[in-house]
Amino acid sequence: MSISLNRFPPVSLIGVPTDVGAGHRGASMGPEALRVAGLGEALVARGLEVHDRGNLRGPFNPWQPPHEGYRHLEQVVEWNTAVMHAVAAELKAGRMPIMLGGDHCLAVGSITAVAKHVRAQGKKLRILWLDAHADFNTSELTPSGNVHGMPVACLCGMGPRALTHLGGSIPAITADQVKQIGIRSVDEGERRLVHEAGLDIYDMRYIDEVGMKRAMEEALEGVDADTHLHVSFDVDFLDPGIAPGVGTTVEGGPNYREAQLVMEMIADTGRMASLDIVELNPAFDERNRTARLAVDLVESLFGKSTLMRDPQREAR
């Protein structure tokens, strides 16, 4: 589309139209909703070279009850395998993959590819998991069997072999590589597992107490030129008052200004190298309002800022 005019490499949009890991239908429409909201055009306007790779293909959602603790495991594995290969190809080509979900189970594929790429480069990996949920369930802990509540556990080696070994290495990541922001809904058994694993969580209680700025400073501590920063942005991270278009709303999330601060502070690091945008569900939205907000926030990840003062002048 256009020549990149900033520090970011060319970006590739990878649509993954499935709700196979979710408890509600509709996230499969997320990629097109983001396109209709002008995601590609907004990034081009920011000076990026944008390649829209279209949508990956995979099995239909059979909408069946859990089998041996998991819903649609065969289909989840097939979709995640496709995501893993697509993300790996873009990274190998020197482009930044932006995965347009689809539900959050797809992060198993995207992050497995990212982690393998980072290991091959000898770099450090930092994952910012922006979400209302910890997504650290297992089949033993959740009666629903919905895999979109399990991706972090799977990535850390706890889950069905077909997902924990998706990229050939187990675990794909370690818990200390993940920083979770905005968490406010965790099942009781999941809470115990999170503490046992040592997952670093900046929940809404903590954010209320210390402020979003300090929470983000702590979550980004140690990110440097040798760090690949992956952002996994679940749209239900946001308060449903500003983002109703998700299948699993949880009250009390970040407001617009807090969300903008999160994105701007990530952009300030200059280290974001891959991105997931997931769980946007147009079936629950209001005239694509949530998709437009998501595009607005993603623009901030790529340098759009509300900052009016001159930081360089203040530093002098």
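Scroll up for the structure.
Cut-offs used in this document
Residues numbered from 1 in each chain as written. Predicted model: local features only at pLDDT ≥ 70, side-chain atom pairs only at ≥ 80, totals over all residues. Heavy atoms only, no water. Core = buried A, V, L, I, M, F, W, Y, C linked by side-chain atoms within 4.5 Å. Buried < 20%, exposed > 50% of the residue type's maximum accessible area, 1.4 Å probe, protein only. Helix = DSSP H or I, 4+ residues; strand = E, 2+ residues; numbered from the N terminus. Contact = heavy atoms within 4.5 Å. Phe/Tyr/Trp six-rings, centres within 6.5 Å; stacked < 30°, edge-to-face > 60°. Lys NZ or Arg CZ within 6 Å of the ring centre and 35° of its normal. Pairing = 2+ DSSP bridges. Axes fitted to C-alpha atoms, helices over the stretch in contact; angles between N-to-C directions. Polar contact = N/O pair within 3.5 Å; in protein donor to acceptor, adjacent residues only side chain to side chain. Right-handed = clockwise from strand over helix to strand, strands pointing away. Salt bridge = Lys/Arg side-chain N within 4 Å of Asp/Glu carboxyl O.

On to the nonpolar core, then. Counting residues in hydrophobic clusters, the biggest one holds 50 residues, and the most contacted among them are Phe233, Ile277 and Phe302. Of the residues forming this core, the biggest block, seven residues, is contributed by helix H11 (residues 289–301). Not counting residues up to four positions away in its chain, the partners in contact with Ile277 are Leu34, Leu39, Ile98, Met99, Leu100, Gly101, Phe233, Val235 and Val298.

With that settled, the discussion passes to the packing of aromatic side chains. Across all of its chains, the model carries three aromatic pairs by this definition. For the ring pair Phe233 and Phe237, a centre distance of 6.4 Å and an interplane angle of 85° mean the geometry is edge-to-face. Comparing Phe233 with Phe237, the two get one shared label, buried. We note Arg71 situated over the ring of Trp63; from NZ or CZ to the ring centre the distance is 4.8 Å.

If you walk across this open sheet you meet the eight strands as S2-S1-S3-S8-S7-S4-S5-S6, and the pairing is parallel. Two strands close off the open sheet at either side, each with one partner strand: strand S2 (50–55) and strand S6 (200–202). Across this sheet, the average inter-strand angle for adjacent strands is 15°, counted without regard to direction. Across the sheet, helix H9 (residues 212–219) touches strand S4 (124–130), strand S5 (178–181) and S6, and the angle it forms with S5 is around 170°.

What follows concerns the side chain of Glu90. Structurally, Glu90 is set in helix H3 (residues 73–92). Looking at Glu90, the relative accessible area reads 8%, which means it is buried. In contact with Glu90, not counting residues within four places along its chain, are Ser12, Ile14, Arg53, Arg95 and Pro97.

With respect to the helices, strands and loops of the structure, Asp234 is situated in strand S7 (residues 227–234). For Asp234, a relative accessible area of 2% puts it in the buried group. Taking the C-alpha atoms as reference, Asp234 lies 21 Å from Asp268; in sequence the two are 34 residues apart. Discounting residues that sit within four places of it in the chain, Asp234 has contacts with His104, Leu130, Asp131, Val278 and Glu279. A polar contact of 3.2 Å, which involves the side chain of Asp234, links it to the side chain of His104.

Before going further, it helps to spend a moment on the pairing of S5. Residue alternation in S5 divides its side chains into two sets, Val178 and Gln180 and Lys179 and Ile181, and both sets are buried. Both S4 and S5 contribute to a ladder of four bridges, which runs parallel. Bridging from a neighbouring strand, Ile127 pairs with Val178 of S5. One crossover worth recording links S5 to the parallel S6 by way of helix H7 (residues 188–197), and it is right-handed.

For the rest of this paragraph, the subject is the pattern of salt bridges. A side chain of one charge can pair with a side chain of the opposite charge when the charged atoms of the two come close. Overall, the coordinates contain 13 salt bridges when judged by the stated rule. Taking the shortest distance from any N to any O, the salt bridge between Glu188 and Arg191 comes out at 3.7 Å. A residue pair is termed a helical-turn pair when its members lie 3 or 4 positions apart in one helix, as Glu188 and Arg191 do in helix H7 at three residues. For Arg191, a relative accessible area of 37% translates into the label partly exposed. Taking the shortest distance from any N to any O, the salt bridge between Lys304 and Glu299 comes out at 3.8 Å. Bridged by salt links that share partners, the residues Glu32, Arg35 and Asp52 form one connected network.

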